[in-house]
Amino acid sequence: MDALTLTTAYEILRQPLGEILPKVSAALAPLIPHTDAAELSTHCAHSPFKALGGTELLTSAELTPLLLAGVPGEPWQGLATIGGRAREVVAVKSDATRRGAVLVLVREDGAAPAEAPELAVAQALWNLVTSHFDRFATEAMPGALARSRAAADTRARVIAELSTAHAAALSGVLGVLRSRALDDTTARATATDLAATALIEMRAEQRRDRALAEEPARDAFERLAGELRPMLRHSAVRLDLGAPDSDRSLAADVAHSARAIVRALLLVVLEQDSVRRVHVGWQLTEHELRASVRDDGAGALAPCDLGAGSIRDRLDVLGGRLDMDAVPGWGTTITAVVPLATPEAPVEAAHPLTGLGEREVEVLRHLALGHRNRRIAEELHISESTVKFHVANILNKLGVDSRGEAAALFHAAA
C-alpha cells in the first residue's frame, strides 16, 4: 500500500461524519467513474441514508434491497432501480457495523464493468470507513448519544405520521372501490385520481413544510379539510367542518401535528359501525389549539381504542394532552389540546466527562476496563509517568478520589 493511499484514507477519516461520503466518492471516482453516490449505514439513527449527485429521486428504499442482498467482501455490479429507473451501479457492502452498511455508486448507462482490482480498493476503503462508523457508534460520548436518540425519536414520529397519511389515502380509495353507487369504470377512474392526488399532495406538503416556519390557522385547517374529504367522499358518514375563527398564525410543527392527530382520530372514529355524522373543528384560545373530533355513534369508545400511543406520543412532545368525553347513545368527543407556546426544554446539566481532554478520555476508557498504568502506557504509546499525570488530572476534574469512582462515572455515561 503506497503513501498516497494511506494519506487519502487518513483525510477521509478525519472528516466530520456528514462529510465522509463526498470524500469517499472523490477518492473512488478515478477508479470507478460514477455520477452519483449514496450510502445506507444502519449504525446511524441521525441520518442512515445519505446521497450526493444529481439523482434527486434516489431514496433509501431503493438502497435497502442492495443492503439486504449484498455479500460483505464481494462488491456487486449490475442494473438496479435508482431514481425510479434501471441504472448501472456498483454496490459495496460491509459488515463492520452491526446490521451492515452499503455504498452504492451510480454509473453512466453503458459503462464498462469495473475490474477486480478497482472493486477490491472500493471494498477495502468501505470496510475502513464503516469500521470508523462503528467505533463512533460504540464509543459515542453522552452528548452524541443524546442527539442520536432524539433523532431516532423524530424519525419514528415521522414514520408514524406517514403511516397515518397513507392510511387516510387508502381509506378514501377503498371507500370508492366498495361504493355500490359507482360502476366499475367510474370507480377505477376515481380511485386512480384519489391515489394520484394523494401522492402529489404528499410531495407538495413535504416541500411546503420545509419552506414554512408558520402557517395561518385558517389555511392550516383548510389543508386539513382537503385531506379529510377524500376519506368520506363515497361514505355514508357525513363530515361537518368547523374552521377556526382566528387569523393568527400557528407554528408549522403545531399545525402539522394537529392535522396528523385529527387524521388519526378520524380513522379511529370511522371504525364504529353506528357513526353517521362526524364534526371536526379547531378552536384557538390565547394559549392553545383545541382540535376536536365529535361523532354521533354509540358513545362506547374508550381511551384504549385510540391506539398504541402514537397520538399521545406526539402530544407529549408538544406538551399537549388528549381529552375524551363519551356519552352512551349520544356519541363521543375527542379533543387534542396543543399549547401554542414551545414547551420549555429542561435545563441539561453539563456532563462531567465534557471537561476532559481527548487523551484524558482515552486514559479513562482504559481505567474503566480495569487496565493498570503499564498496560495503558503500552496501549497509548506513552510513558507510565505521563499516564500517572493524566490519571491525577482526571480524578481532579471529575471530583473523585479513586480510579474506581472515575471508572464508575465513565460507565454511567456510556
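Everything quoted here is computed from the prediction, not taken from an experiment.

Criteria and thresholds
- Residues numbered from 1 in each chain as written.
- Predicted model: local features only at pLDDT ≥ 70, side-chain atom pairs only at ≥ 80, totals over all residues.
- Heavy atoms only, no water.
- Helix = DSSP H or I, 4+ residues; strand = E, 2+ residues; numbered from the N terminus.
- Buried < 20%, exposed > 50% of the residue type's maximum accessible area, 1.4 Å probe, protein only.
- Areas by Shrake-Rupley, 256 points an atom, 1.4 Å probe, with all protein chains shown as cover.
- Pairing = 2+ DSSP bridges.
- Axes fitted to C-alpha atoms, helices over the stretch in contact; angles between N-to-C directions.
- Contact = heavy atoms within 4.5 Å.
- Patch = residues over 30% accessible without salt bridge, like charges linked within 9 Å, V, L, I, M, F, W, Y side chains within 5 Å.
- Salt bridge = Lys/Arg side-chain N within 4 Å of Asp/Glu carboxyl O.
- Parallel < 35°, antiparallel > 145°, perpendicular 65-115°, else oblique.
- Core = buried A, V, L, I, M, F, W, Y, C linked by side-chain atoms within 4.5 Å.

Observations regarding the overall build of the protein chain
(1) Moving on: Scanning the protein chain from terminus to terminus reveals 13 helices and 12 strands.
(2) Moving on: Burial status across the protein chain gives 40% buried among its 414 residues.
(3) Moving on: Accessible area for the protein chain stands at about 22,900 Å²; split by element, carbon and sulfur atoms hold 54% of it.

Remarks on the pairing of strand β12 (residues 331-339)
(1) Moving on: Among the 9 residues in β12, 7 count as buried, and that is most of the element.
(2) Moving on: Two elements, strand β10 (residues 288-295) and β12, share 7 bridges in a ladder whose sense is antiparallel. Bridging across to β12, R294 finds its partner in T333.
(3) Moving on: As paired elements, strand β11 (residues 321-327) and β12 share 7 bridges and run antiparallel to each other. Residue pairing in the sheet places R321 in a bridge with V337 of β12.
(4) Moving on: Count of turn residues in the β11/β12 antiparallel hairpin: 3 residues, of which G329 carries a positive phi of about 85°.

A word on the sheet that holds β12
(1) Moving on: The mixed open sheet is built from 5 strands, whose spatial order is β7-β9-β10-β12-β11. Among the strands making up the open sheet, the edge pair consists of β7 (238-242) and β11. Strand-to-strand, the axes of this sheet are offset by a mean angle of 15°, without reference to chain direction.
(2) Moving on: On the sheet, helix α7 (residues 217-232) packs against β7 and β9 (277-284) and is oriented at approximately 165° with respect to β9.

Digging into a nonpolar patch on the surface
(1) Moving on: Taken together, L170, L174 and L177 make up a surface patch of nonpolar side chains, about 280 Å² in accessible area.
(2) Moving on: Since its relative accessible area comes to 53%, L170 is described here as exposed.

Describing the packing of helix α10 (residues 358-368) against helix α12 (residues 384-398)
(1) Moving on: Where α10 meets α12, the axes come as close as 10 Å, and the angle between the chain directions of the two elements is 90°. Taken together, the axes of α10 and α12 lie roughly perpendicular to each other. Residues R359, E360, V363, L364 and L367 of α10 form the contact with α12, whose own contacting residues are H390, V391, N393, I394, K397 and L398.

Topic: the nonpolar core
(1) Moving on: The biggest cluster of nonpolar side chains holds 39 residues, and the ones touching the most others in it are W282 and L289.
(2) Moving on: Within the residue set of this core, elements represented by two or more residues are α7, α8 (252-269), β9, β10, α9 (310-318) and β12.
(3) Moving on: With near-sequence residues (within four places) excluded, L289 lies in contact with L250, V254, A258, W282, Q283, L284, A336, V337, V338 and L340.
(4) Moving on: Counting 20 residues, the second largest nonpolar core, distinct from the first, contains L356, I376, V400 and A406.

Notes on unusual backbone geometry
(1) Moving on: Unlike most non-glycine residues, H381 shows phi in positive territory, near 60°.
(2) Moving on: When you line up the elements, H381 lands in the loop between α11 (373-380) and α12.

Remarks on the sheet that holds strand β4 (residues 85-94)
(1) Moving on: Ordered by their spatial adjacency, 5 strands build an open sheet running β2-β1-β5-β4-β3, and the pairing between neighbours is antiparallel. Across the chains shown, the open sheet's two edge strands, defined by having one partner strand only, are β2 (49-52) and β3 (76-82). Pairwise comparison of adjacent strand axes, ignoring direction, gives a mean angle of 25° for this sheet.
(2) Moving on: Examined bridge by bridge, strand β1 (residues 36-41) and β2 share 4 bridges and lie antiparallel to one another. By the bridge assignment for β2, E39 is matched with K50.
(3) Moving on: Helix α2 (residues 20-28) rests against β1, β2 and β5 (101-106) of the sheet, and its axis sits at about 50° to β2.

As for the environment of F221
(1) Moving on: Looking at where F221 falls in the secondary structure, it is placed in helix α7.
(2) Moving on: Judged by its relative accessible area of 2%, F221 falls in the buried class.
(3) Moving on: Sequence separation between F221 and G281 is 60 residues; the distance between their C-alpha atoms is 8.6 Å.

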